[in-house]
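Structural overview for review
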Amino acid sequence: TKVKEIIGENMADLVLLLEVFVEHSGNTLKQLLEANRDNDMKALSRYAHSLKSSAKQFGMDRAADLLFALEQRTGSLSHEQRSEMCAELEGIFRRAMPALSGETEKLKS
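Anyway, here's the lowdown on the structure attached to this text. (Residues numbered from 1 in each chain as written. Predicted model: local features only at pLDDT ≥ 70, side-chain atom pairs only at ≥ 80, totals over all residues. Heavy atoms only, no water.)

1. Regarding the side chain of Arg82
Relative to the elements of secondary structure, Arg82 occurs in helix H5 (residues 79–108). Of note is the side chain of Arg82, whose polar atom sits 3.1 Å from the backbone oxygen of Leu77. Residues in contact with Arg82, not counting those within four places in the same chain, are Asn36, Asn39, Met41, Leu44, Leu70, Thr74 and Leu77. (Helix = DSSP H or I, 4+ residues; strand = E, 2+ residues; numbered from the N terminus. Polar contact = N/O pair within 3.5 Å; in protein donor to acceptor, adjacent residues only side chain to side chain. Contact = heavy atoms within 4.5 Å.)

2. Thoughts on the environment of Ala35
Looking at the secondary structure, you find Ala35 in helix H2 (residues 11–37). Here Ala35 falls in the buried class, since its relative accessible area comes to 5%. Considering only alpha carbons, one finds Ala35 and Ser76, 41 residues apart in sequence, at a separation of 16 Å. Look past the residues within four positions of Ala35 in its chain and what remains in contact with it is Asp40, Ala43, Leu44 and Tyr47. (Buried < 20%, exposed > 50% of the residue type's maximum accessible area, 1.4 Å probe, protein only.)

3. Quick word on the nonpolar core
Membership of the largest hydrophobic core comes to 32 residues, with the highest contact counts inside it found for Leu32, Met60, Leu70, Leu89 and Phe93. Those elements that place two or more of their residues in this core are H2, helix H3 (41–57), helix H4 (61–73) and H5. Take this core: its biggest share by element is nine residues, from H5. Discounting residues that sit within four places of it in the chain, Met60 has contacts with Phe21, Ala55, Ile92, Phe93, Ala96 and Met97. (Core = buried A, V, L, I, M, F, W, Y, C linked by side-chain atoms within 4.5 Å.)

4. Considerations on H4
Here H4 contains 13 residues, and its C-alpha end-to-end distance of 18 Å stays within 8% of the 18 Å for a straight helix at 1.5 Å per residue. Residues Ala63, Ala64, Leu66, Leu67, Ala69, Leu70 and Glu71 constitute the buried set of H4. Where H4 is buried, its residues meet H2, H3 and H5. (Expected span 1.5 Å × (residues − 1).)

If you want it as structure tokens, here you go:
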């Protein structure tokens, strides 16, 4: 709904946007999780920033909140806190991506 408000009723643009988001977010989330495992705070913050706005636009508010916290507070969080947040993000995206892919397929037909 939020995305439709932005792009209007152009279904071709909506399909393209969904496809790009699904592909981009999967790759970026993988990189974010690797950065956390490697304790690379700069990369972790950068990947969190990259995903945050898109997650918000697709109504993934909890994911956007977690990403904002990771982006802004990376250095002050313990490894355990970061890992818990990353695990929650992974779960959110694991549930959301099939739904978004399914929606994309519906819109194509």
